[in-house]
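# Survey of secondary and tertiary structure
Each chain is listed here by its residues.
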Amino acid sequence: LDEARTVREIAKYAGFVAREFADEVELWATENEPFALVLPGYLPPTKDRVNPPGLSYRFSQVRQVMRSLIYGHARMYDAVKANDPTSKVGLVYSLAPVKPADPDNELDVKAAQNTFYLYNTAFMDAVVKGLLDEDLNGRPDVPEPLPELVDRMDWIGINYYTRITVQGRNSAQLPELSAISNFDPLTLVPWEDYPRGLYEMERHVQERYGLPSYVTETGTDGATDPERISRWLVTALEWTKRAIADGADVRGFYYWSLMDNYEWNHGMAMRFGLFEVGDDGPKTRTARAAAQLYRGIIDERDVDAELLRRYPPE
């Protein structure tokens, strides 16, 4: 992998599209969910998530790809600004709160702190603050922000779906990756409907980075229970409203997704859509109850008391 060439070429592409669409686009995102490339692509693949190139235990490549994505963002930011100076350029990242399996267990608590850092903070500190931690040991490689990285973020996109639960261990479980990986990767809880976590991540972004944010994706799977989507919409919006009241500069909210979509190696098994896509030949679109509910919220520009009684935030 020629890291320098990869970064150079993606920056050229970013500059090209910014020049071509400058009159039509106000907000640019350089990358979407970069860790969805790093983790499932180069660490232990599972039946739940395997992304190309689908390699296992390639720890040095994890760090190399992460570095390329960090520098790629900075160079794309520069290229977009050079070709569309008035635009606002950000990055979309999938954030997740982390809780210890046992809050009274010191190992679990420390594992939760380290997991939060590795999953949420190490990458974002580099692209926002210019603080690069290539060794993933919990501290930046240099004491001062790197000038080639810092001050290249106008807004942050928050993709939010679930909370992570971890159990701690006495030593690093992935020592070739990180000295602070004292969590059991096999005990990570993959999915939990926890809408309050959106509030927590909106506040985290505000307090740590002080930048405007957009909820660029959030939703839940309604394959077996369509009511789940309505519940998620109401509670996620209410928690966002509370985050704004508590100081988070949230500028927009986008539900994922409009229609059921082809979800990588899950196919159509996961159904997040406001509109159900049928299994028939023409893939008939049928509005779920959540579509009308969301239409009413948009029209009123608020979540009314009746909806909150029906779906109380937890």
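Residues numbered from 1 in each chain as written. Predicted model: local features only at pLDDT ≥ 70, side-chain atom pairs only at ≥ 80, totals over all residues. Heavy atoms only, no water.

## Re the overall build of the protein chain
Along its length, the protein chain carries eight helices and nine strands. The C-alpha atoms of the protein chain give 20 Å as radius of gyration, which agrees with the globular expectation for 314 residues (20 Å, within 12%). Counting the 314 residues in the protein chain, one finds 49% classified as buried. Intrachain contacts of the protein chain at a sequence separation of at least 6 include 68% that bridge at least 24 residues. For the protein chain, the exposed surface amounts to about 15,700 Å²; the carbon and sulfur share of it is 52%. (Helix = DSSP H or I, 4+ residues; strand = E, 2+ residues; numbered from the N terminus. Rg over C-alpha atoms; globule rule 2.2 N^0.38 Å. Buried < 20%, exposed > 50% of the residue type's maximum accessible area, 1.4 Å probe, protein only. Contact = heavy atoms within 4.5 Å. Areas by Shrake-Rupley, 256 points an atom, 1.4 Å probe, with all protein chains shown as cover.)

## Overview of the sheet that holds strand E7 (residues 250-253)
Strand pairing in a sheet relies on backbone hydrogen bonds, with the paired strands running either antiparallel or parallel. Strand order in the open sheet formed by five strands is E1-E2-E4-E6-E7, with parallel pairing between adjacent strands. Sheet topology places strand E1 (27-32) and E7 at the edges, where each strand pairs with a single neighbour. Adjacent strand axes in the sheet meet at a mean angle of 25° when their direction is disregarded. Bridge count for strand E2 (residues 88-94) against strand E4 (residues 155-160) is five bridges, and the pairing is parallel. Looking at the pairing, Tyr93 lines up with Ile158 of E4. Its contacts with the sheet place helix H5 (residues 196-209) against E4, strand E6 (213-218) and E7, and it is angled at close to 160° to E4. Its contacts with the sheet place helix H6 (residues 227-245) against E4, E6 and E7, and it is angled at close to 170° to E7. (Pairing = 2+ DSSP bridges. Axes fitted to C-alpha atoms, helices over the stretch in contact; angles between N-to-C directions.)

## Considering the nonpolar core
Core analysis: the biggest nonpolar cluster contains 74 residues, and Ile70, Phe123, Met124 and Leu233 have the highest contact counts within it. Counting residues per element, this core draws most heavily on helix H4 (residues 106-129), which supplies 10 residues. With residues up to four places along the chain from it excluded, the contact list for Ile70 reads Phe123, Ala126, Val127, Leu132 and Leu149. (Core = buried A, V, L, I, M, F, W, Y, C linked by side-chain atoms within 4.5 Å.)

## Quick look at the pattern of salt bridges
Close approach of charged atoms lets side chains of opposite charge pair. Overall, the coordinates contain 20 salt bridges when judged by the stated rule. As a salt-bridge pair, Glu192 and Arg163 come within 2.8 Å of each other at their nearest N and O atoms. Of this pair, Glu192 sits in the loop between strand E5 (164-166) and H5 while Arg163 sits in the loop between E4 and E5, placing them 29 residues apart in sequence. Between Arg271 and Asp260 there is a salt bridge, with its nearest N and O atoms 2.9 Å apart. Here Arg271 is found in the loop between E7 and strand E8 (275-277), whereas its partner Asp260 is found in the loop between E7 and E8, with 11 residues between them in sequence. Residue classification places Arg271 among the buried residues on the basis of a relative accessible area of 10%. The class for Asp260 is buried, based on a relative accessible area of 6%. Three or more residues are tied together by salt bridges with common partners; here these are Asp260, Arg271, Asp279 and Arg288. (Salt bridge = Lys/Arg side-chain N within 4 Å of Asp/Glu carboxyl O.)

## Structural notes on the environment of Lys88
Tracing the chain through its elements places Lys88 in strand E2. The exposure class assigned to Lys88 is partly exposed, which follows from its relative accessible area of 46%. The spacing of Lys88 and Trp256 is 168 residues in sequence and 22 Å in space, taken between C-alpha atoms. Among all residues touching Lys88, those that are not within four sequence positions of it are Glu26, Leu27, Trp28, Lys81, Asp154 and Trp155.

## Quick look at the side chain of Glu33
By secondary structure assignment, the location of Glu33 is in the loop between E1 and helix H2 (35-42). Classification of Glu33 by relative accessible area gives buried; the value is 19%. Here Asn159 takes part through its side chain, which lies 2.8 Å from a polar atom of the side chain of Glu33. (Polar contact = N/O pair within 3.5 Å; in protein donor to acceptor, adjacent residues only side chain to side chain.)

## Section: the pairing of E4
Within a regular beta strand, the side chains point alternately toward one face of the sheet and then the other, so they alternate between its two faces. For E4, the tally of buried residues reaches six of six residues, placing the bulk of the element in the interior. Burial along E4 is two-sided: the residues Trp155, Gly157 and Asn159 and Ile156, Ile158 and Tyr160 are all buried. Summarising the sheet, E4 and E6 pair through five bridges and their orientation is parallel. Bridge pairing in E6 places Asn159 opposite Glu217.

## A few points about helix H7 (residues 289-300)
Taking 1.5 Å as the rise per residue, H7 with 12 residues should run 16 Å; its terminal C-alpha atoms sit 17 Å apart, in good agreement. Where H7 is buried, its residues touch H6, E7, E8, strand E9 (285-287) and helix H8 (305-310). Just downstream of H7, Arg301 is the residue with a positive phi angle, here 55°. (Expected span 1.5 Å × (residues − 1).)

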